[in-house]
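Residue strings, one per chain:
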Amino acid sequence: MASRVGRHTLPQRRALLELVRGSCENRPGTYRMLAEAGRVLYVGKSRALRTRLLSYFRAKGRRNKSAKILRHTFTIEWQYAPNEFGALLDELRLIKQHRPHFNSAMVSDEWPRAYVALTAGSVPGLRVVRRTDDARASDLWGPFRRVSHLSDAVHALAEIAAVRDCTLEESNGANAARPLWFADAAPPRGPRRLRTPGCLRAEIGSCPGPCIGTGNAAQYTHSVKLVRDFLNARTNEPLLRARERMRIASEALEFERAAVWRDRAELLEWLWLRVTRFHASMDRLSFVYRTGDSSENGRAYIIRRGTVRAELPLPSTAEQETALQAMSQRIFHEADPRGGDVPMHDLDEFYLVASWFRRRPDELLRTSQPTVAP
Ligand code: SF4
């Protein structure tokens, strides 16, 4: 794609350099590198914007990442942030807004990771997806590093909970996707294929078979809730079921079947351990974080379950402190409209906040706990 983006000329490059030298200050903030037509190619952040931007002009070599980005840049825009944490939050929001090509290209170079997703629609299915912006996902959990292990665990979860994990897309009006429906519901209009070549799950009873119009809608809703509750660390029922089936098979001397359920139970145990850890760390990330001093750069961030719910200037008077306390009380005391889940659009922010405090444990000294646990 980069080869299709135009390159600037030498005079244009000099003009960009003069722009940065002449007007950019060495303060925290974010910057956007724009292509000729104004499309955002790259979003970055820095504690010292001027130094960071000038470093692009010293970068050399065809393969050098900074040099490559700069070659295609026709405009540079930036905005200041009160501090580095604020710049990080701004960077994340800008990347989500613009989805710049060079940011995406760099993410794909990172360690392999994947997420568990529940697809949208009236017959949600379990999937393993590679990105938080996967269009098919309506709920997301992760990331997980062992992608193939995760796929096996998700398949085991789908089997035990009787939820589909196929790649069939639901019918959406005029599109050509396959209709999915249950025996107790009216079949959707449009072209229908009544069998599902290649999928044995309906045959062996581990999926109610909405692809062939069998099963019960209410029971499926219950199954999807079980999956959701497991991934939200509210119940380990699927794991207990797998162990129970292993025990029954073993007592019936059906050792092959017992081994299959033992393997599934181990996969579910692996997944359960990770989701419970994830939710425990989310609960720990609830506090008021004060950064900077009481000058214009100071900020108080009210963070609940790993996402920033409010940002205020750092109080410098008793009245402002009272207002901050009142807002924190309200945010931490009121029922969380999101329930126990992190909405998928907040997942990246949760990981950003978690990573900030993991890498800078001293910053936790600047936090204060809410008076009532969320
Ligand atoms: S039985 Fe049908 S709906 Fe269920 S997983 Fe297989 S193809 Fe999908």
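Structure's up top.
This one's a predicted model, so the numbers in the text were calculated from it and none came from an experiment. (Residues numbered from 1 in each chain as written. Predicted model: local features only at pLDDT ≥ 70, side-chain atom pairs only at ≥ 80, totals over all residues. Heavy atoms only, no water.)

**Notes on the nonpolar core**
1) Next: Leu126, Leu157, Leu231 and Leu271 are the most contacted members of the largest nonpolar core, which has 38 residues in total.
2) Next: For this core, the elements supplying multiple residues, two or more each, are strand 4 (114–119), strand 6 (137–144), helix 6 (147–161), helix 8 (217–231), helix 9 (237–251) and helix 10 (255–284).
3) Next: A total of nine residues in this core trace back to one element, the largest contributor, which is helix 6.
4) Next: Setting aside its immediate chain neighbours within four residues, leucine 157 contacts Leu126, Val227, Phe230, Leu231, Pro238, Leu268 and Leu271.
5) Next: Listed in part, the 24 residues of the second largest apolar core include Phe278, Tyr289, Ile303 and Trp356. (Core = buried A, V, L, I, M, F, W, Y, C linked by side-chain atoms within 4.5 Å. Buried < 20%, exposed > 50% of the residue type's maximum accessible area, 1.4 Å probe, protein only. Helix = DSSP H or I, 4+ residues; strand = E, 2+ residues; numbered from the N terminus. Contact = heavy atoms within 4.5 Å.)

**Considerations on unusual backbone geometry**
1) Next: Cis geometry is found at the peptide bond from glycine 142 to proline 143, where omega equals 10°.
2) Next: In this structure, proline 143 sits in strand 6.
3) Next: Here the phi dihedral of alanine 162 falls at roughly 60°; this positive angle occurs in a residue that is not glycine.
4) Next: Its location among the elements puts alanine 162 in the loop between helix 6 and helix 7 (201–204).
5) Next: Using a relative accessible area of 23% as the deciding quantity, one classes alanine 162 as partly exposed.
6) Next: A positive phi angle is found at arginine 305, which is not glycine, with a value near 50°.
7) Next: Its location among the elements puts arginine 305 in the loop between strand 8 (299–304) and strand 9 (307–313).
8) Next: Residue arginine 305 is classed as buried on the basis of its relative accessible area of 12%.

**A short note on the sheet that holds strand 5 (residues 126–129)**
1) Next: As summarised here, the arrangement of the three strands in space is 5-4-6, forming an open sheet in which the pairing is antiparallel. Pairing within the sheet leaves two strands with one partner each, and these edge strands are strand 5 and strand 6. Averaged over all neighbouring strand pairs, the angle between strand axes comes to 25°, with direction disregarded.
2) Next: In this sheet, strand 5 lies alongside strand 4 in antiparallel orientation, the contact comprising four bridges. (Pairing = 2+ DSSP bridges. Axes fitted to C-alpha atoms, helices over the stretch in contact; angles between N-to-C directions.)

**Section: the pattern of salt bridges**
1) Next: Across all of its chains, the model carries 25 salt bridges by this definition.
2) Next: A salt bridge links arginine 201 to aspartate 165; the shortest N-O distance between them is 2.8 Å. Separated by 36 residues along the polypeptide, arginine 201 in helix 7 and aspartate 165 in the loop between helix 6 and helix 7 bring together distant segments of the chain.
3) Next: Glutamate 321 serves as the salt-bridge partner of arginine 290, at 2.9 Å between the closest nitrogen and oxygen. One end of the pair, arginine 290, is in strand 7 (residues 287–291); the other, glutamate 321, is in helix 11 (residues 318–333), and 31 residues separate them in sequence.
4) Next: Residue classification places arginine 290 among the partly exposed residues on the basis of a relative accessible area of 23%. (Salt bridge = Lys/Arg side-chain N within 4 Å of Asp/Glu carboxyl O.)

**Regarding the environment of tyrosine 301**
1) Next: Summarising the element assignment, tyrosine 301 is placed in strand 8.
2) Next: Every residue in contact with tyrosine 301, bar those within four places of it in the chain, is listed here: Pro82, Asn83, Phe85, Gly86, Leu89, Phe287, Val288, Tyr289, Thr291, Val308, Ala310 and Glu311.
3) Next: Here asparagine 83 takes part through its side chain, which lies 3.3 Å from a polar atom of the side chain of tyrosine 301. (Polar contact = N/O pair within 3.5 Å; in protein donor to acceptor, adjacent residues only side chain to side chain.)

**Digging into the sheet that holds strand 3 (residues 75–80)**
1) Next: Pairing within the open sheet is antiparallel, and its three strands lie in the order 2-1-3. At either end of the open sheet lies a strand with only one pairing partner, and these are strand 2 (40–46) and strand 3. Looking at each pair of strands side by side, their axes are set apart by 20° on average, direction ignored.
2) Next: Those strands touched by helix 2 (residues 49–58) are strand 1 (29–34), strand 2 and strand 3, and its axis lies near 30° from that of strand 1.

**Overview of the packing of aromatic side chains**
1) Next: As enumerated under the stated definition, the model contains 15 aromatic pairs in all.
2) Next: Seen from their ring centres, tyrosine 31 and tyrosine 42 are 6.2 Å apart, and the 50° between their planes marks the pair as tilted. Note that tyrosine 31 is positioned in strand 1 and tyrosine 42 in strand 2, a separation of eleven residues in sequence.
3) Next: The interplanar angle of 40° and the centroid separation of 6.2 Å between the aromatic rings of phenylalanine 144 and tryptophan 270 together place this pair among those described as tilted. You can see phenylalanine 144 sitting in strand 6 and its partner tryptophan 270 sitting in helix 10, a full 126 residues away along the chain.
4) Next: Exposure remark for phenylalanine 144: the relative accessible area of 6% places this residue in the buried category.
5) Next: The exposure class assigned to tryptophan 270 is buried, which follows from its relative accessible area of 10%.
6) Next: Among the aromatic residues, ring-to-ring pairing joins Phe85, Phe287, Tyr289, Tyr301, Trp356 and Phe357 into one connected group. (Phe/Tyr/Trp six-rings, centres within 6.5 Å; stacked < 30°, edge-to-face > 60°.)

**Things to note about the side chain of glutamate 349**
1) Next: Inspection of the secondary structure assignment puts glutamate 349 in helix 12 (residues 347–359).
2) Next: For glutamate 349, a relative accessible area of 8% gives the class buried.
3) Next: Once residues lying within four places of it in the same chain are set aside, the contact partners of glutamate 349 are Leu89, Leu92, Arg93, Gly306, Thr307 and Val308.

**What about helix 1 (residues 10–23)?**
1) Next: Taking 1.5 Å of rise per residue, the 14 residues of helix 1 would be expected to cover 20 Å, and the 20 Å separating its terminal C-alpha atoms lies within 8% of that figure.
2) Next: Along helix 1, the residues that are buried comprise Leu16, Leu17 and Val20. All buried residues of helix 1 project into a common sector of 95° when viewed along the axis, lining one side. Exposed side of helix 1, more than 90 degrees from the buried face: Pro11, Arg14 and Gly22 are the residues found there.
3) Next: Where helix 1 is buried, its residues contact helix 2 and strand 3. (Expected span 1.5 Å × (residues − 1). Arc of directions from axis to C-beta.)

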